[in-house]
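# Structural characterization, general
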Amino acid sequence: MSRDAEEMTNIDLFTPVRLGTLALPNRVIMAPLTRNRAAMPGNVPQAMNAAYYAQRASAGLIISEATQVAPQGIGYPATPGLHSEEQVQGWRAVVDAVHARGGLMFAQLWYCGRISHPDLLPDSQQPVSASAVRPAGDAVTFEGLKPFVEPRALRTDELPGIVDQYRHAARCAREAGFDGVEVHSANGYLLDQFLRDGTNRRDDRYGGSRENRTRLLMEVLLAVLEIWEPARVGVRISPENSFNDIRDADPQATFNFVARALSGKGLGYLHVVEGDMTGGASSVDYRQLRGHFDGHYMANCGYDKARAQAAIAGGAADMVSFGQLFIANPDLVQRFQADAGLNAPDPETFYGGDEQGYTDYPTLAR
Ligand code: PHB
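Below or above, wherever it landed, is the structure these notes cover. (Residues numbered from 1 in each chain as written. Predicted model: local features only at pLDDT ≥ 70, side-chain atom pairs only at ≥ 80, totals over all residues. Heavy atoms only, no water.)

## So, the pattern of salt bridges
- For the structure on display, the rule yields 15 salt bridges.
- The shortest N-O distance in the salt bridge between Glu229 and Arg232 comes to 3.7 Å.
- Where salt bridges share partners, they join Arg152, Arg155, Asp157 and Glu158 into one cluster. (Salt bridge = Lys/Arg side-chain N within 4 Å of Asp/Glu carboxyl O.)

Structure (structure tokens):
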């Protein structure tokens, strides 16, 4: 019988869970959330970011907002990086504030690839991707929305340099005091551009078969595992999320393969964006996908407390991450425990701005 089947009768959202040497106090996880509030120039985490994350320290685990591993990995204004000394110091203050409140925090490692724009990149570079396939839609620049440009396909001999950038960021995450890292391989960003066949038309060892399309993710993961013990490393995937104009012809087969490739390594968790954030139809059987992975499964995408409890009690997930609910409810765990009402999130203040809509959502006690 599996670990989860044995415990199924009494596990709920408030049952602690162990990731190797890390003891998570509950299974209510704060999802990675882009908020575009790093200090500029330099894309450096600042005091209001520390206050925001510290307010949410009662989460079982905080996963940081997506954080570019290199200047070339950026895709939006004012997102934080994790590659410069200044950024490491900025993150250290954030992580210290979370630890002071008893929380745990992973850094999410991000490379946007084609979801970017020359306006955002060093020397106005052309964005890069697996193949020269331009996404439909617009990039977010400092001057507002501008149509995406055609990306440049990365040469095979450039890929070790990308892997090095992830390794460097993984090291920076340790220096900053994070408890672990999550490799962002979801939502149409660079690693996902390699995984899914709509964006990967390569004919080298990184394109074609599922094994080849998974190769860059595996190389990045092995680099990260040089720095971090496996239980402190998670991977995020989004098999059928069409956000950022991406798709795969057979998401079930592709991501069953990815889940198997990620097994046997003692990873902390597989974090899965289930379904399509943009509201498209879902055809993937996530229980089947989960059956291909040998570690903890973290479910995400529109869960509320009732659905999350049912998923955990029924063995469909080991943890559930919450995005918008954590934006609006710093004390989401306590509110869930008390069956209390929830603050409504304000989408106007999701991306960019100041403390308003960021650190001013009330807790129950206030
Ligand atoms: C976003 O900035 O909208 C964004 C960033 C990372 C994600 C998803 C959305 O994984």
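Resuming the write-up.
## Quick look at the site of the ligand
- With respect to spatial proximity, the complete set of residues near the ligand consists of Thr34, Tyr76, Trp110, His184, Asn187, Tyr189, Phe243 and Tyr351.
- Side-chain polar atom of His184 to an oxygen atom of the ligand: 2.7 Å apart, as the coordinates give it.
- The cavity where the ligand resides is the largest pocket.
- Among the residues forming the shell around the ligand, the class breakdown is five nonpolar, three polar and no charged. (Near = heavy atom within 4 Å. Polar contact = N/O pair within 3.5 Å; in protein donor to acceptor, adjacent residues only side chain to side chain. 1 Å grid on protein atoms, 1.4 Å probe; cavity = no way out; pocket = protein on both sides within 12 Å on 5 of 7 lines; lining within 4 Å. Sits in = over half its atoms within 2 Å of the grid points. Nonpolar A, V, L, I, M, F, W, Y, C, P; charged D, E, K, R; others polar.)

## Describing the side chain of Asn187
- Position of Asn187 among the secondary structure elements: in the loop between β10 (180-184) and α5 (190-195).
- Side chain to side chain, Asn187 and Asn241 meet in a polar contact 2.9 Å long.
- Residues contacting Asn187, with those up to four places away along its chain left out, are Asp192, Arg196, Arg236, Ser238, Asn241, Phe243, Asn244, Val273 and Met277. (Helix = DSSP H or I, 4+ residues; strand = E, 2+ residues; numbered from the N terminus. Contact = heavy atoms within 4.5 Å.)

## Notes on unusual backbone geometry
- Along the chain, Met40 connects to Pro41 via a cis peptide bond; the corresponding omega equals -5°.
- One can find Pro41 in the loop between β3 (28-30) and α2 (47-55).
- With phi around 55°, Asn43 is a residue other than glycine that occupies positive phi space.
- Mapped onto the elements, Asn43 comes out in the loop between β3 and α2.

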